[in-house]
Amino acid sequence: ARPLRTALESGRLVALRDGATVDELADVVARIKFDLSTHRQMEILRLWDRLSQPVGRVFPSRLHCTDPLDQKFLDLAVSARADWLVSKDKAVLKLARKARADGLAILRPDQASAQIEG
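Residues numbered from 1 in each chain as written. Predicted model: local features only at pLDDT ≥ 70, side-chain atom pairs only at ≥ 80, totals over all residues. Heavy atoms only, no water.

Teacher, can you tell me more about the packing of helix α2 (residues 19-29) against helix α4 (residues 71-79) here?
Two numbers describe a pair of packed helices, the interaxial angle and the distance between the axes. With their axes 9 Å apart at the nearest point, α2 and α4 run at an angle of 140° to one another. When the axis of α2 is compared with that of α4, the two are oblique. Relative to α4, the crossing made by α2 is left-handed. The segment α2 lies against α4, with Ala20, Thr21 and Glu24 engaging Lys72, Phe73 and Leu76. Its residues assigned to classes, the contact of α2 with α4 shows three nonpolar, one polar and two charged. (Axes fitted to C-alpha atoms, helices over the stretch in contact; angles between N-to-C directions. Helix = DSSP H or I, 4+ residues; strand = E, 2+ residues; numbered from the N terminus. Parallel < 35°, antiparallel > 145°, perpendicular 65-115°, else oblique. Left-handed = near helix turned anticlockwise from the far one by under 90°. Contact = heavy atoms within 4.5 Å. Nonpolar A, V, L, I, M, F, W, Y, C, P; charged D, E, K, R; others polar.)

Sorry if this is basic, but what is going on with the pattern of salt bridges here?
When the charged atoms of two side chains lie near each other, side chains of opposite charge can form a pair. Overall, the coordinates contain seven salt bridges when judged by the stated rule. Across the salt bridge formed by Arg62 and Asp102, the nearest N and O atoms sit 2.8 Å from each other. Here Arg62 is found in the loop between β2 (52-54) and α4, whereas its partner Asp102 is found in the loop between α6 (96-100) and β4 (105-107), with 40 residues between them in sequence. Looking at Arg62, the relative accessible area reads 58%, which means it is exposed. (Salt bridge = Lys/Arg side-chain N within 4 Å of Asp/Glu carboxyl O. Buried < 20%, exposed > 50% of the residue type's maximum accessible area, 1.4 Å probe, protein only.)

Got a minute to help me understand the side chain of Asp70 in this structure?
Within the fold, Asp70 resides in the loop between β2 and α4. The contacts of Asp70, once residues within four sequence positions are left out, are Cys65, Asp89 and Val92.

I'm lost on the nonpolar core in this one. Help?
Taken as a class, soluble globular proteins show a tendency for nonpolar side chains to be buried jointly. Judged by nonpolar contacts, the single largest core of 13 residues is most densely connected at Cys65, Leu74, Leu85, Leu104 and Ile106. Among the secondary structure elements, those contributing two or more residues to this core are α4, α5 (90-93) and α6. Residues Leu4, Ala7, Leu107 and Ala112 belong to the second largest nonpolar core, which totals five residues. (Core = buried A, V, L, I, M, F, W, Y, C linked by side-chain atoms within 4.5 Å.)

Any chance you could explain unusual backbone geometry here in plain terms?
Only a minority of non-glycine residues have a phi that is not negative, and only a minority of peptide bonds are not trans. If you check the backbone angles, Asp35 has positive phi at about 50° while not being a glycine. If you trace the backbone, Asp35 turns up in the loop between α2 and α3 (38-51). Despite not being glycine, Arg81 has its phi angle at roughly 55°, a positive value. Here Arg81 lies in the loop between α4 and β3 (84-86).

So what exactly am I meant to see when it comes to helix α1 (residues 2-10) here?
The periodicity of an α-helix, 3.6 residues per turn, causes residues three or four places apart in sequence to face the same way. For α1, the set of buried residues is Pro3, Leu4, Ala7 and Leu8. The arc enclosing the buried residues of α1, seen along the axis, measures out at 135°, which places them on a common side. Two residues or fewer after α1 comes Gly11, characterised by a positive phi angle close to 85°. (Arc of directions from axis to C-beta.)

Where do I start with the packing of α2 against α3 in this structure?
Between α2 and α3, the least distance of the axes is 10 Å, while the angle of their chain directions is 155°. With respect to α3, the element α2 is oriented roughly antiparallel. Here α2 runs over α3; the crossing is right-handed. Contacts from Val22, Leu25, Ala26 and Val29 in α2 reach Gln41, Ile44, Leu45 and Trp48 in α3. Considered class by class, the residues forming the contact of α2 with α3 number seven nonpolar, one polar and no charged.

This is the structure we're talking about:
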């Protein structure tokens, strides 16, 4: 994921966010398995706020994820007409072929990194 972060920091790549996806990030970084202090969690959220751009309106996508908790990412990507949705989630990755028909590439982090580097 380092090439992705470098591309975000340099402005070569634009990340998008909305309230629902930021809430999900906050939930993830607060999970016990990551053992992050509250201070570190806040640093991560501030960094994401700095590196990503807000999308004002998000609409339901015609792409439907089997995991309802991941639907928000598809809705955001399709609403914003993003080129890529980068995910490690199997339920999201299963939609790659359908998403391609709408002009959205669903990529694993290693695939996105390879595209950036190549």
